[in-house]
Amino acid sequence: MTETDTSLGYEQARDELIEVVRKLEAGGTSLEDSLALWERGEELAQVCRRWLEGARARLDSALAAREAGADGAGAGGESEGRDA
């Protein structure tokens, strides 16, 4: 992973990855160029993966905090309503 990859946003990495895939699918490149494109694509996919994992962690944290707040705010009333 290069230093510039750590500063890429998700959308930037995704767009560059789409371009890499387009070039690979079009063909017409030398084996060496194809391998370089593939390696770059792997790096970009990792950047995207990290962004998505981070987003998932933030969502999980926010949902857990929301559930913890809801459990503490009215758990007794909610469970009584379900039992009735």
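Each value, and the rule that gives it
- Residues numbered from 1 in each chain as written.
- Predicted model: local features only at pLDDT ≥ 70, side-chain atom pairs only at ≥ 80, totals over all residues.
- Heavy atoms only, no water.
- Helix = DSSP H or I, 4+ residues; strand = E, 2+ residues; numbered from the N terminus.
- Buried < 20%, exposed > 50% of the residue type's maximum accessible area, 1.4 Å probe, protein only.
- Contact = heavy atoms within 4.5 Å.
- Areas by Shrake-Rupley, 256 points an atom, 1.4 Å probe, with all protein chains shown as cover.
- Salt bridge = Lys/Arg side-chain N within 4 Å of Asp/Glu carboxyl O.
- Core = buried A, V, L, I, M, F, W, Y, C linked by side-chain atoms within 4.5 Å.
- Expected span 1.5 Å × (residues − 1).
- pLDDT = per-residue confidence, 0-100.

Chemist: Any chance you could break down the overall build of the protein for me, citing the residues and the numbers?
Modeler: Along the backbone of the protein there are three helices and zero strands. In the protein, buried positions account for 14% of the 84 residues. A sequence separation of at least 24 residues applies to 74% of the contacts in the protein between residues at least 6 apart. With an accessible surface of roughly 6400 Å², the protein has 54% of that area assigned to carbon and sulfur atoms.

Chemist: Tell me about the environment of Gly-41, residues and numbers included.
Modeler: By secondary structure assignment, the location of Gly-41 is in helix α3 (residues 31-83). The spacing of Gly-41 and Leu-17 is 24 residues in sequence and 5.6 Å in space, taken between C-alpha atoms.

Chemist: So what's going on with the pattern of salt bridges? Which residues, and what values?
Modeler: When the charged atoms of two side chains with opposite charge come close together, those side chains can pair. Counted by the stated rule, this structure contains five salt bridges. Two residues, Glu-43 and Arg-40, come together in a salt bridge whose shortest N-O distance is 3.2 Å. With Glu-43 and Arg-40 both in helix α3 and three residues apart, this pair spans about one turn of that helix. Bridged by salt links that share partners, the residues Glu-16, Arg-40 and Glu-43 form one connected network.

Chemist: Can you break down the nonpolar core residue by residue, with the values?
Modeler: Ranked by size, the top nonpolar core spans seven residues in total: Leu-8, Ala-13, Val-20, Leu-37, Leu-44, Val-47 and Cys-48. Looking at this core, the elements with two or more residues in it are α2 (10-26) and α3.

Chemist: Hey, could you go over the environment of Glu-11 for me, with residue numbers and the actual values?
Modeler: Note on placement: Glu-11 falls in helix α2. Remark: the alpha-carbon pair of Glu-11 and Trp-51, spanning 40 residues in sequence, is separated by 9.7 Å.

Chemist: Before we move on, could you go through α2 and cite the residues and values that matter?
Modeler: With 17 residues, α2 should reach 24 Å at 1.5 Å per residue; the first-to-last C-alpha distance of 24 Å fits that figure. Phi for Gly-27, located one or two positions after α2, is positive at around 75°.

Chemist: Could you give an account of the confidence of the model for the protein, naming the residues involved and the relevant values?
Modeler: Looking at the protein, the pLDDT average stands at 86 and 79% of residues meet or exceed 70. Of all secondary-structure elements in the protein, the lowest mean pLDDT belongs to helix α1 (residues 3-6), at 58, while α2 reaches the highest, 98.

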